[in-house]
Amino acid sequence: MKRILKWIFRIVLVLLVLGFLWGFISYWRSSSDCDRQTAAPTNPMKAIVHCDYGLTNLKLQDIEKPVPNDDQILVKVRAASVNPYGWHFIEGTPYIMRAMGVGLRKPKDIRLGVDFAGTIETVGKNVTQYKPGDEVFGGADGAFAQYLCRRATGSVAPKPAGLTFEQAASVNIAGITALQAVRDKGKVQPGQKVLINGASGGVGTFAVQIAKSFGADVTGVCSTRNADLVRSLGADHVIDYTKEDFAKNDQRYDVILDNVPNHSLSEIRHSLTPNGKYVMIGGGGPNDNRWVGPFGRVIHTLVLSPFIGQKMGMMMAQPSTQDLTLLAEMVQSGKLKTVIDRTYKSLSEVPDAIRYLEEGHARGKVVITVE
Ligand SMILES: NC(=O)c1ccc[n+]([C@@H]2O[C@H](COP(=O)([O-])OP(=O)(O)OC[C@H]3O[C@@H](n4cnc5c(N)ncnc54)[C@H](OP(=O)(O)O)[C@@H]3O)[C@@H](O)[C@H]2O)c1
């Protein structure tokens, strides 16, 4: 028995050493294709690139202007918006993301930005739904640039005529997240009581309006300075979190949409009806729990869910042309307003825009005009 234990111990030790060595070698061998992408472009355009992790490593640089393939459109970007989503790639946090393919030591993908609005410059030969000159908006990798290529059938839609490029660029991630949270995860029904924690941010300002358009009785949680804004978006009740904690009163909600996971799951359960639904949207800031980020809380909700009547879970918004088109229609018909906090005037100001977003108190969306 002693000998068997000794051998098991030795095997585990060897595996640990090999694992450590493998991690060490992978870490130092991991690289980005920064040198290739930034080497003397023949047809240059300006783009924000990051060859190393960290906000201070963002640079506005000349890189090769992309060429669309047969199924793609080439868009001249007129505006882009920033999202908390982006700062995880900028900082490489939570670190677990690096091991999941984002790049161990350096970011694998050196381009940043997703949400955009712009004008189509050229289309691939298989593209029939768009033509040069069309104005579009949506999501694509590398939106912090003068040009981007996007599959024409991807997450892109015609820009509503009544919207500026800045307004249209504010819709994609925040709008789709809010729509899918209300409709697909929360399954909000008319008359239900819905609480939106973080009602005045990018996702929250859309979620309040969408939940209201589904006929819900909406409570928005925000700070004093944003109470009027949240009310003007249609919230029936506003809780000022600087004065009152929603988890400490006796009110119960059918659905809680949580952009700011600043309450424990037992506090959340206390505020839900017995069959209520908790939709965890936000995962905290870039510096919250730098190793595993929101994953600990996600596992906690998954473990808890089967044993209780309430439904608890995290959502991951999915890119969707249909949802983008639906949001465009809602905006066009006046059912949905875009709320823009600040507009930065050029790509060189992307780091400032992200720094402002990181403070965690944006009022609606933060947008960049791309010259
Ligand atoms: N799961 C997904 O698929 C998905 C998709 C998109 C976004 N997200 C996540 O969702 C979260 C929200 O995104 P966002 O774009 O809305 O972020 P955001 O625009 O930066 O949200 C900022 C808002 O949060 C509010 N806030 C800060 N502290 C608060 C508190 N203690 N109580 C209530 N509100 C508070 C702020 O209001 P005050 O100024 O009044 O404090 C501010 O208006 C982020 O964590 C993001 O990563 C997840």
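Look up a bit, the structure's there.
Criteria and cut-off values
Residues numbered from 1 in each chain as written. Predicted model: local features only at pLDDT ≥ 70, side-chain atom pairs only at ≥ 80, totals over all residues. Heavy atoms only, no water. Patch = residues over 30% accessible without salt bridge, like charges linked within 9 Å, V, L, I, M, F, W, Y side chains within 5 Å. Areas by Shrake-Rupley, 256 points an atom, 1.4 Å probe, with all protein chains shown as cover. Salt bridge = Lys/Arg side-chain N within 4 Å of Asp/Glu carboxyl O. Helix = DSSP H or I, 4+ residues; strand = E, 2+ residues; numbered from the N terminus. Near = heavy atom within 4 Å. Polar contact = N/O pair within 3.5 Å; in protein donor to acceptor, adjacent residues only side chain to side chain. Nonpolar A, V, L, I, M, F, W, Y, C, P; charged D, E, K, R; others polar. Buried < 20%, exposed > 50% of the residue type's maximum accessible area, 1.4 Å probe, protein only. Disulfide = S-S within 2.5 Å. Axes fitted to C-alpha atoms, helices over the stretch in contact; angles between N-to-C directions. Parallel < 35°, antiparallel > 145°, perpendicular 65-115°, else oblique. Contact = heavy atoms within 4.5 Å. Pairing = 2+ DSSP bridges. Core = buried A, V, L, I, M, F, W, Y, C linked by side-chain atoms within 4.5 Å.

Draft legend 1. Just a nonpolar patch on the surface, in detail. On the surface, a nonpolar cluster with roughly 650 Å² of combined accessible area is contributed by Met1, Ile4, Leu5, Ile8, Val12 and Leu16. You can see Ile8 is positioned in helix 1 (residues 2-29).

Draft legend 2. Representation of the site of the ligand. Surrounding the ligand, one finds 29 residues, the nearest of these being Ser223, Tyr241, Met315, His361 and Ala362. Within the backbone of Ile281, one N or O atom sits 3.1 Å away from a nitrogen atom of the ligand. Protein contacts shield 88% of the accessible area of the ligand, which totals 930 Å² for the unbound molecule. Put simply, the parts of the chain that give the shell around the ligand at least two residues each are helix 6 (172-185) and helix 7 (202-213). Here the residues of the shell around the ligand sort into 12 nonpolar, 16 polar and one charged.

Draft legend 3. Main features of the pattern of salt bridges. Applying the stated rule across the entire model yields 16 salt bridges. Close ionic contact of Glu267 with Lys248 constitutes a salt bridge, the shortest N to O distance being 3.9 Å. Residue Glu267 is found in helix 9 (residues 265-271), and its partner Lys248 is found in the loop between strand 10 (237-240) and strand 11 (253-258); the two are separated by 19 residues along the sequence. You can call Glu267 partly exposed: its relative accessible area is 26%. The partner of Arg355 in a salt bridge is Asp352, and the shortest N-O contact between them spans 3.0 Å. Of this pair, Arg355 and Asp352 are both found in helix 12 (residues 350-358), three residues apart, which corresponds to roughly one turn of the helix. For Arg355, a relative accessible area of 39% gives the class partly exposed. Through salt bridges with shared partners, a single network forms among Arg183, Asp184 and Asp323.

Draft legend 4. The arrangement of the state of the cysteines in detail. For the structure on display, the rule yields one disulfide. Between the sulfur of Cys34 and that of Cys51 lies a disulfide, 1.6 Å long from S to S. Separated by 17 residues along the polypeptide, Cys34 in helix 2 (residues 34-38) and Cys51 in the loop between strand 1 (44-50) and strand 2 (58-64) bring together distant segments of the chain. Residue class for Cys51 comes out partly exposed when judged on its relative accessible area of 23%. Not part of a disulfide, Cys149 finds its nearest cysteine sulfur in Cys34, a span of 20 Å.

Draft legend 5. Structural context of the packing of helix 3 (residues 84-91) against helix 12. Viewed as axis vectors pointing N to C, helix 3 and helix 12 meet at an angle of 110 degrees, and their least axial separation amounts to 10 Å. Looking at the two axes, helix 3 sits roughly perpendicular to helix 12. Residues Pro84, Trp87, Ile90 and Glu91 of helix 3 touch helix 12, and the partners they reach there are Ile354, Leu357 and Glu358. Looking at the contact of helix 3 with helix 12, its residues break down into five nonpolar, no polar and two charged.

Draft legend 6. The pairing of strand 5 (residues 135-139), seen in detail. Within strand 5, four of the five residues are buried, leaving the element largely enclosed by the surrounding structure. Note that strand 4 (residues 115-123) and strand 5 share five bridges and pair antiparallel. Paired with Phe116 across the bridge in strand 5 is Gly138. Where strand 5 lies against strand 7 (residues 156-158), three bridges are found, and the strand directions are antiparallel. Bridge pairing in strand 7 places Phe137 opposite Ala157.

Draft legend 7. Inspection of the nonpolar core at higher detail. In this structure, Phe137, Val194, Ile196, Val208, Ile210 and Leu257 are the most contacted members of the largest nonpolar core, which totals 45 residues. Mapped by element, the contributors of at least two residues to this core are helix 5 (165-169), helix 6, strand 8 (193-197), helix 7, strand 9 (217-222), helix 8 (227-232), strand 11 and helix 11 (321-332). Here Ile196 is in contact with Gly204, Ala207, Val208, Ala211, Val218, Thr219, Gly220, Val221, Leu257 and Asn259, once residues within four sequence places are set aside.

Draft legend 8. Broad picture of the sheet that holds strand 8. With parallel pairing, six strands are arranged side by side in an open sheet as 10-9-8-11-12-13. The sheet is open, and its two edges are formed by strand 10 and strand 13 (311-314), each paired on a single side. Averaged over all pairs of adjacent strands, the angle between their axes in this sheet comes to 15 degrees, without regard to strand direction. One ladder, built from four bridges, connects strand 12 (residues 272-280) with strand 13; its direction is parallel. By the bridge assignment for strand 13, Met280 is matched with Met314. Helix-sheet contacts for helix 6 involve strand 11, strand 12 and strand 13, and the interaxial angle to strand 12 is about 150 degrees.

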